[in-house]
Amino acid sequence: MTPEHLIVHQQPAPHVAHVQLHRPKELNALNLELMGELRDVLRQLDADDQVRAIVISGDEKAFAAGADIKQMADKTAIDMYNIDQFSTWDTIRRIKKPLIAAVSGFALGGGCELTMLCDLIIASETARFGQPEIKLGIMPGAGGTQRLTRAVGKALAMEMVLTGRLLTAEEAFQAGLINKIVPVPLYLQEAVKMAATIASMSPLAVRMAKEAVLKSFDTTLDEGLQFERKNFYLLFATEDQKEGMQAFVEKRKPVFKGR
Ligand code: CO8
């Protein structure tokens with residue numbers, strides 16, 4: 001079924017897909033329908049051998065201004081419990097291919113949390129990152145207290161979560177939240193370029209490397225090192241490892257096939 005709140009741009013670069021959040025009048029506020037569509041589209045792209053990296057963007061004014069406040073306003077705790085919206089987020093967390101957020105304008109609340117669920121963040125100069133839920137009498141619920149703290153440290157995370165202060169792109173970059181800042185007309189192009197670079201690598205190596213980096217968030221150093229080592233050894237079972245090393249020796253570009 002064609003999604004209503006997303007636009008899927010096929011192949012802006014070889015083996016790259018681009019999913020655009022598309023509720024422009026609501027600053028791409030993440031209602032349940034949009035998040036359900038995003039989960040389904042990402043699952044399809046994850047299963048598509050032609051896709052090796054996925055860019056997620058909004059538009060120039062907003063990546064996403066958060067969860068849809070109007071949809072949540074009159075919900076009870078039991079409604080929220082029954083809706084169980086975070087199972088959608090858990091599914092997105094398990095997407096194996098690299099996700100690159102291309103952010104311009106507002107990335108607030110759930111929008112900021114969605115960028116942090118991605119593996120890399122490219123921002124325009126106008127990007128603003130924040131967790132302003134405290135101003136609504138709630139708190140972040142989709143990883144904002146956990147991923148933000150791991151990314152920027154306790155002092156800044158506390159300030160953002162407890163006061164709702166937004167970070168400029170420059171502050172987000174200085175704090176280590178994002179990878180790169182570019183002028184507004186280039187933010188999407190730059191994210192696609194980053195995705196294309198990743199898509200030119202061995203997809204199996206990319207997948208196992210992503211897995212290993214993410215593992216570092218929820219395990220001990222000892223277990224993480226064991227996990228890394230197993231993935232490292234496993235890659236020597238791939239044709240791509242033979243091709244990558246042979247190409248280096250022969251001074252040519254490797255052609256990775258994902259086997
Ligand atoms: N939800 C619903 N509608 C929104 C949202 C939102 N989060 N943000 C903006 N809109 C709507 C506005 O109501 C307005 O609609 P209308 O024209 O019908 O009045 C339209 O988008 C344009 O917005 P503004 O007129 O307010 O635009 P401004 O440029 O003046 O201001 C701001 C932009 C500063 C971004 C402002 O809109 C704002 O403060 N938005 C709310 C930001 C916010 O508080 N986000 C956190 C939401 S709570 C949350 O994310 C919880 C996360 C945990 C669960 C995650 C599950 C997805």
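Here the residue numbers are simple positions, counted from 1 along each chain's written sequence. Confidence filtering applies because this is a predicted model: local features only for residues at pLDDT of at least 70, side-chain atom pairs given and counted only at 80 or more, and all residues used for totals across whole chains, interfaces and linings. To get the side-chain values, all heavy atoms of the structure are used, and hydrogens and water are removed first.

Labelled according to an unreviewed UniProt entry, the protein appears under the name enoyl-CoA hydratase, originating from Chitinophaga parva. Per UniProt, the comment on the protein under Sequence similarities (unreviewed entry) is "Belongs to the enoyl-CoA hydratase/isomerase family." UniProt positions are given in the numbering used here, feature names are shortened, and annotations may be inferred rather than shown by experiment. According to UniProt, the comment filed for the protein under the heading Function (unreviewed entry) is "Could possibly oxidize fatty acids using specific components."

Aromatic pairs are defined between Phe, Tyr and Trp rings, using the six-membered ring for Trp, whenever the two ring centres lie within 6.5 Å; interplanar angles under 30 degrees are classed as stacked, those over 60 as edge-to-face, and all others as tilted. Applying the stated rule across the entire model yields two aromatic pairs. Counting every residue linked through ring pairs, the aromatic cluster contains Phe232, Tyr233 and Phe236. Note on geometry: a ring has a charge over it if NZ (lysine) or CZ (arginine) is within 6 Å of the ring centre and within 35 degrees of the ring normal. One residue, Lys215, lies across the ring of Phe227, its end atom 5.0 Å from the ring centre.

On to the sheet that holds strand S6 (residues 106-108). Pairing between strands requires that DSSP locate at least two bridges from one strand to the other. Secondary structure counts use DSSP, requiring at least four H or I residues in a row for a helix and at least two E residues in a row for a strand, with both numbered from the N terminus. With mixed pairing, four strands are arranged side by side in an open sheet as S4-S6-S8-S9. With one partner strand each, in any of the chains shown, strand S4 (62-64) and strand S9 (167-168) form the two edges of the open sheet. Sheet analysis places strand S8 (residues 128-130) next to S9, joined by two bridges and oriented antiparallel. Opposite Phe129, over in S9, you have Leu167 as the bridge partner. With respect to the sheet, helix H5 (residues 110-117) is in contact with S4, S6 and S8, its orientation differing from that of S6 by roughly 90°. A contact between two residues is defined here by any heavy atoms of the two lying within 4.5 Å. Fitted lines through C-alpha atoms give the axes, limited to the stretch in contact for helices. The angle between two N-to-C directions lies from 0 to 180 degrees.

Right, let's talk about the pairing of strand S2 (residues 16-21) for a bit. The element S2 is largely enclosed, with a buried count of six among its six residues. With six bridges connecting them, strand S1 (residues 6-13) and S2 associate as antiparallel partners. Residue His9 lies in a different strand from S2, and its bridge partner there is His18. Linking S1 to S2, which pair antiparallel, is a turn of two residues; within it His15 sits at a positive phi near 65°. Each residue is assigned to one of three classes by its accessible area relative to the maximum for its type, calculated with a 1.4 Å probe on protein chains only: buried under 20%, partly exposed between the two thresholds, exposed over 50%.

Take the sheet that holds S2 next. Overall, mixed pairing links the six strands, which are arranged S1-S2-S3-S5-S7-S10 in an open sheet. Taken across any chain shown, the strands that pair with only one partner, and hence form the sheet edges, are S1 and strand S10 (180-182). Recorded for the sheet is a direction-independent mean angle of 25° between the axes of neighbouring strands. Of the pairings in the sheet, the one linking strand S7 (residues 120-124) to S10 comprises three bridges and is parallel in character. Bridge pairing links Ile122 to Lys180 in S10.

With that out of the way, let us pick up the site of the ligand. Here a residue counts as near a molecule or strand whenever at least one of its heavy atoms sits within 4 Å of it. The local shell around the ligand holds 26 residues, among which Ala65, Ala67, Ile69, Lys70 and Gly110 are the closest. Pairing of N or O atoms within 3.5 Å defines a polar contact, subject to two protein rules: one partner must be a possible hydrogen donor and the other a possible acceptor, and residues neighboring in sequence count only if both atoms are side-chain atoms. Within the contact set of the ligand, an oxygen atom lies 3.4 Å away from a backbone nitrogen or oxygen of Lys25. Between Ala65 and the ligand, the recorded distance is 2.9 Å, taken from a backbone N or O atom to a nitrogen atom. Coverage of the ligand by the protein chains reaches 67% of its 1,100 Å² of free accessible surface. Put simply, the parts of the chain that give the shell around the ligand at least two residues each are helix H2 (69-72), helix H4 (86-93), S6 and H5. Broken down by element, the residue count for the shell around the ligand peaks at three residues, all from H2. Of the residues in the shell around the ligand, the class split is 14 nonpolar, five polar and seven charged. Per-residue accessibility takes into account occlusion by the displayed protein chains alone, with areas from the Shrake-Rupley method and a 1.4 Å probe. Think of it as three bins: nonpolar holds Ala, Val, Leu, Ile, Met, Phe, Trp, Tyr, Cys and Pro, charged holds Asp, Glu, Lys and Arg, and polar takes everything else, Gly as well.

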